[in-house]
Each structure stands twice: as structure tokens, then as C-alpha cells.
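Summary of structural features
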Amino acid sequence: MEYEGEDRQSHDVKTEDAQQEKENSDDGTGTALLENTNTDVSLEYVTELQTKVSSAMMNHEMPFVILSSVYENPYRLHIIVTSNAEEDLQRLRDLDTIGGVLEIEYVSENTNSRQDLYEQKN
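Here the residue numbers are simple positions, counted from 1 along each chain's written sequence. Whole-chain, interface and lining totals are the exception, using all residues; otherwise, since this is a predicted model, local features are given only for residues with pLDDT of at least 70 and side-chain atom pairs are given and counted only at 80 or more. Values shown for side chains rest on all heavy atoms present in the structure; no hydrogens or waters enter the calculation.

Notes on the confidence of the model for the protein chain
Worth spelling out the cut-off: On a range of 0 to 100, pLDDT expresses the predictor's confidence in each residue. Here a residue-residue contact requires only that any non-hydrogen atoms of the pair lie within 4.5 Å.
On average, residues of the protein chain carry a pLDDT of 75, and 65% of them reach 70 or more. Between residues 1-28, whose pLDDT stays under 50, and residues either more than four places distant or in other chains, the model counts 44 contacts.

Quick notes on the nonpolar core
Applicable threshold: Residues belong to a common nonpolar core when they are buried Ala, Val, Leu, Ile, Met, Phe, Trp, Tyr or Cys residues joined through side-chain atoms within 4.5 Å. Burial classes: relative accessible area under 20% of the type maximum marks a residue as buried, over 50% as exposed, and values in between as partly exposed (1.4 Å probe, protein chains only). Strands are runs of DSSP state E lasting at least two residues, helices are runs of H or I lasting at least four, and both sets are numbered from the N terminus onward.
By size, the foremost hydrophobic cluster in this structure holds 20 residues, and its most contacted members are Val65, Ile79, Val81 and Leu92. It is helix 2 (residues 43-58) that contributes the most residues to this core, 6 residues altogether. Those residues in contact with Val81 that lie beyond four places of it in its chain are Leu33, Phe64, Val65, Leu92, Ile104, Glu105, Tyr106 and Val107.

Comments concerning the pattern of salt bridges
Note the threshold: Definition used for salt bridges: Asp or Glu carboxyl oxygen within 4 Å of a side-chain nitrogen of Lys or Arg.
Applying the stated rule across the entire model yields 3 salt bridges. For Lys52, the salt bridge is made with Glu48, and the minimal N-O distance between the two is 3.9 Å. Of this pair, Lys52 and Glu48 both sit in helix 2, 4 residues apart, which is roughly one turn of the helix. Glu48 sits in the partly exposed class, given a relative accessible area of 43%. For Glu86, the salt bridge identified is with Arg93, shortest N-O distance 2.8 Å.

A look at helix 2
Going by this rule: Given the number of residues in a helix, its expected span is that number minus one, multiplied by 1.5 Å. Directions drawn from the helix axis to the C-beta atoms are what define this arc.
Between its first and last C-alpha, helix 2 extends 22 Å over 16 residues, near the 22 Å set by a 1.5 Å rise per residue. Looking only at helix 2, the buried set comprises Tyr45, Val46, Leu49, Gln50, Val53, Ala56 and Met57. Along the axis of helix 2, the buried positions cluster into a sector of 140°, meaning they face one direction only. Along helix 2, exposed side chains directed more than 90 degrees from the buried face belong to Glu44 and Met58. The inward-facing, buried residues of helix 2 contact strand 3 (65-71), strand 4 (76-81), helix 3 (86-95) and strand 5 (102-106).

Listed below in C-alpha cells is the structure:
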């Protein structure tokens, strides 16, 4: 379903400054780097995208990805990363051939978030 005049591209959302990023790290919450904008995708597509990301994680091709989860309403792939380098984010965007399905959150490697996420998974 197309909506006239609607921009279907993803948009980067960066922190305003280093202080904001530090505050996010201190309280264990992440920083949104990319928000999904495409609400017209199927669960099948998002699951396929999840499989690609999981495979890259297991093959150590994307060591900066620490968690990925399929979310619904709307369907999207939520990914938590420890790198906000543009080339790393682009590698993830390249997997999303439709565009606008990824929701990427950045957490600093020096936060407790990584350990908390690991404990949640196990």
C-alpha cells in the first residue's frame, strides 16, 4: 500500500552530543541510530532478514551486532550494535533490500547493557 507523498526511506537519528551519549551509556539504555519507516512488510521478509543477520553474527562477519529480534505491529527487525561507525551501519542497511525495516540501537561496549542482554538471551 503506497501513501502519496510519504518518504519510505530510513533516516539516521544520532545523539545530539557526547554528553547525551554518555548519559545513555550510564543508565544502560541505548541510542537509536536508525528507526524503521516501512510498515508494509511481511513477517516472512523480516524473518528472512533476521536469518541473514543471525548468520552473519554466527560467522563473525558482524561482531558489532550483539542482538537482533523480530518485532511486530509493525513488523521490523530490532538490532542492537556496539559500533556506530557508518560503514558498519551500512553493512546492515545493505541486507535490507526493501528498505526501512531495520531499527538499530547503539550501546557502548563499556556499559552493563551487553552483559544484561546476554543474560536475557540465556
